[in-house]
Amino acid sequence: MSHAAFLAAAILAFAFPYVYAATSDQWRGRSIYQVIIDRYALPEGADPNQCPSGTRTWCGGTWNSLRQNLDYIQDAGFTAVWISPVSQNYEGPTTPYGDPYHGYWIADASQLNSRFGTSDDLKGLSEELHRRGMYLMIDVVVNDVMATSITPDLSTYMFKEQSQYHPHCAIDWSNTTSEEQCWLGDTVVPLPDLNTEDPTVVAGFGDWIQSLVKEYNIDGLRIDGECRHVNIDFWPVFCGKAGVFCIGEVFGSDIDDAALYQGSNALDSILNYPMYTALLDAFTLPGPQNMSAVADMIGQEAAKFKDPTLLGNFIENQDIPRWANLSVDPQSLYNAIVFNFMTDGIPIVYYGQEQGFSGNSDPYNREAMWPSKYANSTTYQLITTLNQFRNFLVNNTQWATTPTQVLTTSPYGIATLKGDCVSIMTNIGSPPQNISIPVYTPYLASASLTNVLTCEQWPVGSNGTINAQYSLGGVPLVLYPTTLLQDSGLCGNSDTTTGSATYVSSALRIHRPVISLLTVLSSLLLGFLSSFW
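Residues numbered from 1 in each chain as written. Predicted model: local features only at pLDDT ≥ 70, side-chain atom pairs only at ≥ 80, totals over all residues. Heavy atoms only, no water.

1. Digging into the overall build of the protein
Step number 1: When helices and strands are tallied, the protein shows 16 helices and 20 strands.
Step number 2: Expressed as a percentage of its 533 residues, the buried residues of the protein come to 56%.
Step number 3: Intrachain contacts of the protein at a sequence separation of at least 6 include 73% that bridge at least 24 residues.
Step number 4: Summed over its atoms, the accessible surface of the protein is roughly 21,400 Å², and 55% of this surface lies on carbon and sulfur atoms. (Helix = DSSP H or I, 4+ residues; strand = E, 2+ residues; numbered from the N terminus. Buried < 20%, exposed > 50% of the residue type's maximum accessible area, 1.4 Å probe, protein only. Contact = heavy atoms within 4.5 Å. Areas by Shrake-Rupley, 256 points an atom, 1.4 Å probe, with all protein chains shown as cover.)

Rendered as structure tokens:
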């Protein structure tokens, strides 16, 4: 190679830096484990008794302690981890509402939260997740900052000009403009509302998130602070600068309102609060046991959302009571979990859900994880099996993009078909009952199905009928053609890729070149130097 060619090649190598950018298509196949950093794992040598239930101060979890305890998450088959915000939080005397252990009381968004570690620590967590084939999602707050008065010192924030904030006002929940521009919080801990219509705020947030994503190889963003509290045209610009998958919070059961926030003019996805509300109505014991609410919501979401397969499915998070606080029967939990894993959407499990945590509202639903000793509980085992099966389907079939169909619904249960998989969920609870749910499937009477949760063979009757019987209690069923389970690692079938304990997704990363002025100049230089070759 000539000196000119070598020089040109060297310039091009530096001119085309690569960034990781996990696409919506790749996130569709993921399953997410949600972590509050302060509460997931303690550094070695820390006092494990320092975080009783209801604590509203720091308990000591860090980015490093999460990194050192990823086996528990990966062994359950999860392929992504969502962590609480990484930005600097309020640093001052303890407020009447406690300390910002949760990470959501933002001060200077451009600085890292030193309570959780250093820049190298966060890079180490990102690198370790990627080494394991897992994605990193971080929580971000862009609607507001935290203060202790309605006249805060703006010099402590990333945005320092008064014009970059909306004037203080109480929210009128019947007025969209008021929801977007007035302040959350109260007079004890007010949350000054950022003026996201201001071009300097839009540009500042864009530059910050672009830099953060690149610096720490972040694969996705979960957007906190109620997307409805920010003008909707802010989101395409912000997420465009981030260049990664964005899933937002639109709190509430109104599907028409929620559906506005998925699409090219808003976000890639949102947390599926409308379906969460339907699952509460259908499965909690005691509860209304309105199974038709779920069937109806499946139909509405197919009609109103741009892509239901990208919605975030959950039954717990840091803002709502734990499932076990709302429902006394463990089978109600198992059936709701199966629904979230085996129908449209990305399943999200909040840390401790698999350990039966039962806290009510904040702070009791933000318990320390370590007292559970990260046990191999029944729920953990169920989730592990579901993840292994779902990962197999994602990596070997078109299951993830195939819409869910409702096969049947009754007062006692619902049956769905997604791809070749039939799932039957019931709300009858643990006690045995003389009830059956007939399900008409597309399978022939000669077909052999396997319940992947128990490895039991399941007969198909005439006209493709399956009967779910509950003489042993209200257990969920996940049925799949036996011959198609080959290489799944389930029910005696070999796994020619990896087992659940060492699962590495086959989803490929997309490397997108970042075009810059240097790139353009290097292209011109290459053309110039070519005249000397």
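2. With respect to the environment of Tyr 380
Step number 1: With respect to the helices and strands, Tyr 380 occurs in helix α15 (residues 378-396).
Step number 2: A C-alpha to C-alpha distance of 9.8 Å links Tyr 380 and Asp 75, two positions 305 residues apart in sequence.
Step number 3: Setting aside residues no more than four positions away along its own chain, Tyr 380 makes contact with Tyr 72, Asp 75, Ala 76, Glu 354 and Ala 375.
Step number 4: A distance of 3.4 Å separates a polar atom in the side chain of Tyr 380 from the backbone nitrogen of Ala 76. (Polar contact = N/O pair within 3.5 Å; in protein donor to acceptor, adjacent residues only side chain to side chain.)

3. Some words on the sheet that holds strand β19 (residues 477-481)
Step number 1: Across the sheet, six strands lie side by side as β12-β13-β14-β19-β16-β17; this open sheet has antiparallel pairing. Edge positions in the sheet fall to β12 (405-410) and β17 (456-459), since each has one partner strand and no second. On average, adjacent strands in this sheet sit at an angle of 25 degrees to one another, irrespective of strand direction.
Step number 2: When strand β16 (residues 448-451) meets β19, the two strands line up antiparallel, connected through three bridges. Across the sheet, residue Asn 451 finds its bridge partner in β19, namely Leu 479.
Step number 3: With respect to the sheet, helix α14 (residues 330-342) is in contact with β13 (413-418), β14 (421-426) and β19, its orientation differing from that of β14 by roughly 150 degrees. (Pairing = 2+ DSSP bridges. Axes fitted to C-alpha atoms, helices over the stretch in contact; angles between N-to-C directions.)

4. What to know about the pattern of salt bridges
Step number 1: In this structure the tally under the stated criterion is 18 salt bridges.
Step number 2: A salt bridge links Arg 28 to Asp 307; the nearest nitrogen and oxygen atoms lie 2.7 Å apart. Note that Arg 28 is positioned in helix α2 (residues 24-28) and Asp 307 in the loop between α12 (292-304) and β10 (312-313), a separation of 279 residues in sequence. Exposure class is identical for Arg 28 and Asp 307. Each is buried.
Step number 3: Across the pair Asp 256 and Lys 304 runs a salt bridge whose closest N-O atoms are separated by 3.0 Å. Taken together, the residues span a long stretch of sequence, with Asp 256 in helix α10 (residues 255-259) and Lys 304 in helix α12 at a distance of 48 residues. (Salt bridge = Lys/Arg side-chain N within 4 Å of Asp/Glu carboxyl O.)

5. Points about the side chain of Ser 327
Step number 1: Position of Ser 327 relative to the elements: it lies in the loop between α13 (323-326) and α14.
Step number 2: Using a relative accessible area of 4% as the deciding quantity, one classes Ser 327 as buried.
Step number 3: Within polar-contact distance, the side chain of Ser 327 engages the backbone nitrogen of Leu 285 at 2.9 Å.
Step number 4: A distance of 2.5 Å separates the side chain of Ser 327 from the side chain of Ser 332, its partner in a polar contact.
Step number 5: Ignoring sequence-local partners within four residues, the contact set of Ser 327 consists of Phe 283, Thr 284, Leu 285 and Ser 332.

6. Structural notes on the state of the cysteines
Step number 1: The full count for this structure, using the stated rule, is four disulfides.
Step number 2: For Cys 51, the disulfide goes to Cys 59, at an S-S distance of 1.9 Å. Residues Cys 51 and Cys 59 are joined by a disulfide whose S-S torsion is about 70 degrees; by sign, that bridge is right-handed. An identical accessibility class is assigned to Cys 51 and Cys 59; each is buried.
Step number 3: Disulfide pairing places Cys 455 opposite Cys 491 at an S-S distance of 2.2 Å. Across the S-S bond linking Cys 455 and Cys 491, the dihedral sits near -85 degrees, which makes this disulfide left-handed. Of the two residues, Cys 455 is situated in the loop between β16 and β17 and Cys 491 in the loop between β19 and β20 (511-513); the sequence distance between them amounts to 36 residues.
Step number 4: Judged by its relative accessible area of 26%, Cys 491 falls in the partly exposed class.
Step number 5: For the protein, the bonded cysteines pair up as 1-2, 3-4, 5-6, 7-8 when numbered in the order they occur along the sequence. (Disulfide = S-S within 2.5 Å.)

7. Quick notes on the nonpolar core
Step number 1: Counting 125 residues, the largest nonpolar core has Ile 73, Ile 83, Leu 221, Phe 238 and Phe 389 as the members making the most contacts within it.
Step number 2: Within the second largest apolar cluster, 17 residues are counted, among which are Ile 437, Val 460, Ala 468 and Tyr 470. (Core = buried A, V, L, I, M, F, W, Y, C linked by side-chain atoms within 4.5 Å.)

8. Structural notes on helix α8 (residues 199-216)
Step number 1: With 18 residues, α8 should reach 26 Å at 1.5 Å per residue; the first-to-last C-alpha distance of 26 Å fits that figure.
Step number 2: Taken residue by residue, α8 has Val 201, Phe 205, Gly 206, Trp 208, Ile 209, Leu 212, Val 213 and Tyr 216 as its buried positions.
Step number 3: Looking at the buried positions of α8, the neighbouring elements they touch are α6 (119-131), β4 (135-141), β7 (220-224) and α9 (234-242).
Step number 4: Within two residues after α8, Asn 217 carries a phi angle of roughly 50 degrees, on the positive side. (Expected span 1.5 Å × (residues − 1).)

Functional significance is not addressed by these values, which are geometric in nature.
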